[in-house]
Amino acid sequence: FFFFFFTESVDYGPVFVQEPDDLIFPTDSEEKKVSLNCQARGNPTPTYRWLRNGTEIDIESDYRFSLIEGSLIINNPSEMKDSGQYQCLTTNMFGSILSREAVLQFAYLGNFSGRTRSAVSVREGQGVVLMCSPPLHSPEIIYSWVFNEFPSFVAEDSRRFISQETGNLYISKVQSSDVGSYICLVKNTVTNARVLSPPTPLTLRNDGVMGEYEPKIEVHFPYTVTAAKGTTVKMECFALGNPVPTISWRKVNGHNPSKARLRKSQAVLEIPNVQLEDSGMYECKAENSRGRNVFRGQLQVYTYPHWVDKLNDTQLDSGDQLRWECKATGKPRPTYRWLKNGVSLWPQSRIEMINGVLMIHSVNVSDAGMYQCLAENKYGTIYASAELKILASAPTFPLNQMKKTIIVTKGQEVVIECKPQASPKPTITWKKGDKVLRENKRITILPEGSLRILNASKSDEGRYLCQGVNVFGSAEIIASVSVKEPTRIELTPKKIELTVGESIVLSCRALHDSTLDVSFYWTLNGQPIDFEKEGGHFESIKAQASSADLMIRNILLMHAGRYGCRVQTAADTVSDETELLVRGPPGPPGVVIVEEITDTTATLSWSPGADNHSPISLYNLQARSPFSLGWQTVKTVPDLISGDMESAMAVELNPWVEYEFRVVATNKIGTGDPSAPSRVIRTNEAVPKTPPANVSGRSGRRHELVIAWEPVSEEFQSGEGFGYIVAFRPNGTRGWKEKMVTSSDASKFIYRDESVPPLTPFEVKVGVYNNKGDGPFSPIVVICSAEGEPTAAPVDVKAKSLSVSEILVAWKHIKESLGRPQGFEVGYWKDMQQEEAAEKVKTEGNESSILLTGLEGNTLYHLTVRAYNAAGYGPPSAAVHAATKKSPPSQAPGNIMWIQEGSHVSLGWEPVRPLANESDVMGYKVLFRQEGQSNSQVIETQKTSAVVLLPDVGVYIIEVCAVSEGGDGTASPQIRVPSFSGKVTLQWSLDNVST
């Protein structure tokens with residue numbers, strides 16, 4: 001006799017997470033292993049076993065088998081040993097469950113027999129069947145036929161048909177073009193492997209042509225075709241005959257399904273996603289001029305079993321009755337079997353099984369375990385699992401029911417809980433003190449065992465005992481009941497009206513039993529006030545033991561509502577509420593609707609927002625466009641929109657501009673938040689009213705009148721098709737010449753007339769237009785035609801070489817009345833270059849010379865000068881020539897010797913001899929500076945000696961270099977000379993050596 005003591009636990013029997021699926025393993029796979037997946041959850045963690053064809057696999061005895069978690073791995077699988085049906089059995093302490101069956105198949109394709117195939121000889125016009133005789137294979141294969149040689153495939157048509165059931169090639173009427181060699185090609189649908197049969201020659205007999213004959217159906221679908229619901233059905237029908245027969249299909253006693261399709265010249269009827277209503281008798285008819293032939297067969301559509309009702313885990317007390325029902329649909333109608341812990345369950349004295357219903361009478365511990373209901377028909381089996389737990393225990397009480405003290409107030413209801421956990425259900429008895437409690441109108445023992453006392457009084461105080469008893473034992477709990485005076489509450493003030501920003505104190509006072517402590521809690525609209533999160537607006541003040549205050553500072557609109565004070569004692573809870581009304585600026589008005597739009601007005605309506613307990617006095621209408629800086633107040637009709645109005649007209653808008661509108665409400669407390677913006681709406685088009693500003697002249701080429709203006713902003717264009725009308729006339733004339741400028745962005749117009757002399761004054765005005773019409777012109781201004789580019793070349797152009805890299809260019813300009821220059825451009829190029837390669841340097845203003853720098857030494861340059869202004873360039877001067885100087889000597893003065901006498905230093909050196917391409921020596925420079933300073937003093941001499949006065953005490957740095965037309969030559973190595981009086985020192989310096 002076993003006792004199971006169940007408490008609330010997370011322990012449970014196994015439940016499948018993943019079950020094995022059917023698997024096709026290609027025999028030529030490189031993987032060389034098969035994995036059948038199985039995974040279950042449960043606590044304790046389940047273990048796994050596997051069955052093949054109903055027999056348990058001994059995984060330990062075959063090295064090819066291994067388990068990874070619950071999955072079965074088969075290494076080097078073979079069809080002989082391993083094909084079949086597999087099931088996973090998973091177990092823990094609560095029982096076992098069996099997975100669905102998974103079929104392991106092997107995919108392969110054998111070779112055709114190598115035996116030579118005999119020739120087939122027929123008469124022309126006769127029908128013929130060429131047999132494929134496929135090799136061994138698994139699973140399905142696809143058939144095709146090759147004519148003479150690969151890859152020339154036989155094309156199927158009304159005369160030729162390849163059956164995917166038999167693999168044979170059917171030719172209803174042979175022609176001379178059919179003579180040749182035929183090869184059957186089969187392809188495995190899983191491995192894609194292909195093999196070719198030996199060729200079958202087809203020849204024509206020479207004993208005449210076959211006459212006409214009626215159709216003979218040579219290949220047809222079975223008498224009974226079975227198909228799973230939702231699959232695609234393909235039924236074949238093909239006949240031999242002369243003339244070539246026509247194939248037609250019909251559903252006997254019904255219409256062909258609308259989704260049905262005829263394939264392969266009507267030889268195949270294909271029904272996709274077949275349903276139960278597609279079942280029935282189908283007929284195929286082959287017909288030619290000689291007669292007809294028909295075949296009929298039955299299409300039966302079946303469905304796999306599918307659950308309608310599954311099982312649920314169940315917990316029963318020992319002795320209860322179990323009733324489980326599982327229900328499934330399917331065609332044929334499923335039958336049911338039951339398993340317990342993976343083993344078939346059979347009817348016994350207490351166990352009944354009828355049509356998917358399992359009943360076990362008077363359950364006991366031996367009935368606990370894992371149960372499975374199997375619904376099956378000839379096409380499949382489905383499994384549903386559930387766990388049965390049997391409870392058998394003596395009464396026990398949870399800790400939260402033990403040794404309670406219950407405090408109530410007079411007149412309240414008292415419920416003392418007594419709900420022992422036990423199986424079977426225990427008998428409950430109650431005592432007050434030592435006496436068994438008897439029920440009456442006030443005192444009732446509830447069905448689950450608890451005690452209820454109505455309208456409690458002092459006489460109900462005392463010690464209560466509850467005892468639960470069943471066949472396995474007993475248990476009891478004790479509770480004490482104390483009855484107190486009820487608590488009363490006063491909350492003041494009762495109704496308050498405040499304005500945003502004001503403050504208030506609410507007072508709450510409790511009248512209660514002196515033996516009880518009280519706690520105060522504040523609520524707003526039924527929710528506890530969070531004093532931490534309310535930003536300092538609320539403060540709870542405990543004034544005395546029996547009262548509390550709520551301070552509300554700087555009140556906001558959101559603080560309006562029902563304020564509650566709840567007083568709580570160990571015996572009761574009482575509460576009271578007061579209403580707080582807060583006046584403030586209006587809320588945002590409702591959505592703004594544009595009722596009517598013109599070119600400059602918009603009629604708007606809105607619904608009023610909350611007035612927040614202060615009537616709305618006026619509304620303000622605001623608009624925003626792509627051209628405004630945010631929201632701007634617009635003019636309205638009426639000028640002032642009173643608070644009782646819900647529509648107004650915005651005026652003085654710009655035509656053809658997109659606007660959004662919003663409304664802001666104001667009352668005597670302040671201005672509220674704006675409404676949401678209206679939808680974007682564009683005002684109507686109108687004739688433009690704004691002419692361009694700042695009409696003026698610009699410089700241009702000779703005979704040109706250049707008119708410029710500031711373009712009109714899109715905000716003021718008033719419609720599509722915006723442009724400008726440029727009107728002009730010579731001073732003193734009557735008629736205006738007008739030109740259209742169609743670009744709205746244009747800012748300039750150039751009028752060219754060869755007959756217009758330079759600087760001719762014109763009266764000019766610029767107007768605007770759009771698709772709606774012409775707008776106004778700007779005020780008339782006087783603009784002169786262009787003076788033109790300079791006409792005279794500079795004269796007396798001279799160029800003088802200043803150094804190895806510099807040439808000074810000078811010129812004079814004849815003053816002209818027209819084409820005044822803004823500056824001059826000097827072009828220069830080397831003697832061996834073309835003038836087109838000239839580099840150019842510009843001057844500005846009236847300068848008459850420029851120093852060209854950065855030139856190559858000892859090089860002849862050609863130079864021209866021309867004037868320019870805004871209209872263009874004048875003619876260039878005649879070219880002049882100048883050569884830059886040779887470069888200075890590269891040799892430095894050598895063998896410097898010096899004698900120092902006091903502050904005088906006498907220097908001497910060897911003369912510098914320049915190379916042939918270097919400038920002649922014109923003299924020498926002696927440079928000297930005090931050490932630490934940057935500026936040198938210079939002494940020039942035409943001799944190879946010099947005397948230097950060193951005025952201050954210190955160390956001096958002295959260098960010597962040659963002077964030439966091309967500039968200063970390379971300096972000598974530095975010499976360092978200390979300066980002090982009275983000493984005579986003789987020194988010399990060799991080339992590149994300093995002392």
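Only a predicted model underlies this, so the values are computations on that prediction, with no experimental measurement involved.

A. Quick look at the sheet that holds strand β34 (residues 351-354). In spatial order, the strands read β30-β35-β34; together these three strands make up an open sheet with antiparallel pairing. Sheet topology places β30 (322-325) and β34 at the edges, where each strand pairs with a single neighbour. Sheet twist, expressed as the average angle between the axes of neighbouring strands with direction ignored, equals 10°. Pairing of β30 with strand β35 (residues 357-360) involves four bridges; the strand directions are antiparallel. When the sheet's bridge partners are listed, E325 is paired in β35 with V357.

B. Looking closely at the UniProt feature "domain: Ig-like" (unreviewed entry) in the chain. UniProt annotation of "domain: Ig-like" (unreviewed entry) refers to residues 20-105, 122-197, 215-295, 305-389, 395-482 and 486-575 when read in the numbering used here. Secondary structure across residues 122-197 divides into 0% helix and 41% strand, with the first and last C-alpha atoms of the span separated by 21 Å.

C. Summary view of the sheet that holds strand β16 (residues 160-162). Sheet architecture is open: three strands sit in the order β13-β17-β16, paired in antiparallel fashion. Single-partner strands in this sheet number two, and they are β13 (128-130) and β16. Averaged over all pairs of adjacent strands, the angle between their axes in this sheet comes to 15°, without regard to strand direction.

D. Representation of the nonpolar core within the structure. Counting residues in hydrophobic clusters, the biggest one holds 24 residues, and the most contacted among them are W522, I552, Y563 and V567. When contributions to this core are tallied by element, the ones reaching two or more residues are β48 (488-492), β49 (495-499), β50 (504-511), β51 (519-524), β54 (547-552), β55 (561-568) and β56 (573-583). Tallying contributions element by element places β50 first for this core, with four residues. Counting residues in hydrophobic clusters, the runner-up holds 23 residues, among them L345, I351, I360 and I382.

E. Spotlight on the side chain of S163. Assignment of secondary structure puts S163 in the loop between β16 and β17 (169-171). The exposure class assigned to S163 is buried, which follows from its relative accessible area of 0%. Among the polar contacts listed, one links the side chain of S163 to the side chain of E236, at a separation of 2.5 Å. Non-local contacts of S163, meaning those with residues more than four positions away in its chain, are made with Y143, N168, Y170, V219 and E236.

F. Spatial organisation of the pattern of salt bridges. Under the defined criterion, the tally for this structure stands at 44 salt bridges. Across the pair R100 and D21 runs a salt bridge, and its minimum N-O distance is 2.6 Å. Taken as a pair, R100 in the loop between β10 (95-98) and β11 (102-109) and D21 in the loop between β1 (12-18) and β2 (23-26) lie far apart in primary sequence, 79 residues in all. Residue class for D21 comes out partly exposed when judged on its relative accessible area of 49%. A salt bridge links K830 to E856, with the nearest nitrogen and oxygen atoms 2.3 Å apart. With a gap of 26 residues between them, K830 in strand β77 (residues 823-830) and E856 in the loop between β79 (849-852) and β80 (860-869) connect regions that are remote in the sequence. Judged by its relative accessible area of 43%, E856 is partly exposed.

Definitions and limits used
- Residues numbered from 1 in each chain as written.
- Predicted model: local features only at pLDDT ≥ 70, side-chain atom pairs only at ≥ 80, totals over all residues.
- Heavy atoms only, no water.
- Pairing = 2+ DSSP bridges.
- Helix = DSSP H or I, 4+ residues; strand = E, 2+ residues; numbered from the N terminus.
- Axes fitted to C-alpha atoms, helices over the stretch in contact; angles between N-to-C directions.
- UniProt positions renumbered as here; feature names shortened; annotations may be inferred.
- Core = buried A, V, L, I, M, F, W, Y, C linked by side-chain atoms within 4.5 Å.
- Buried < 20%, exposed > 50% of the residue type's maximum accessible area, 1.4 Å probe, protein only.
- Polar contact = N/O pair within 3.5 Å; in protein donor to acceptor, adjacent residues only side chain to side chain.
- Contact = heavy atoms within 4.5 Å.
- Salt bridge = Lys/Arg side-chain N within 4 Å of Asp/Glu carboxyl O.

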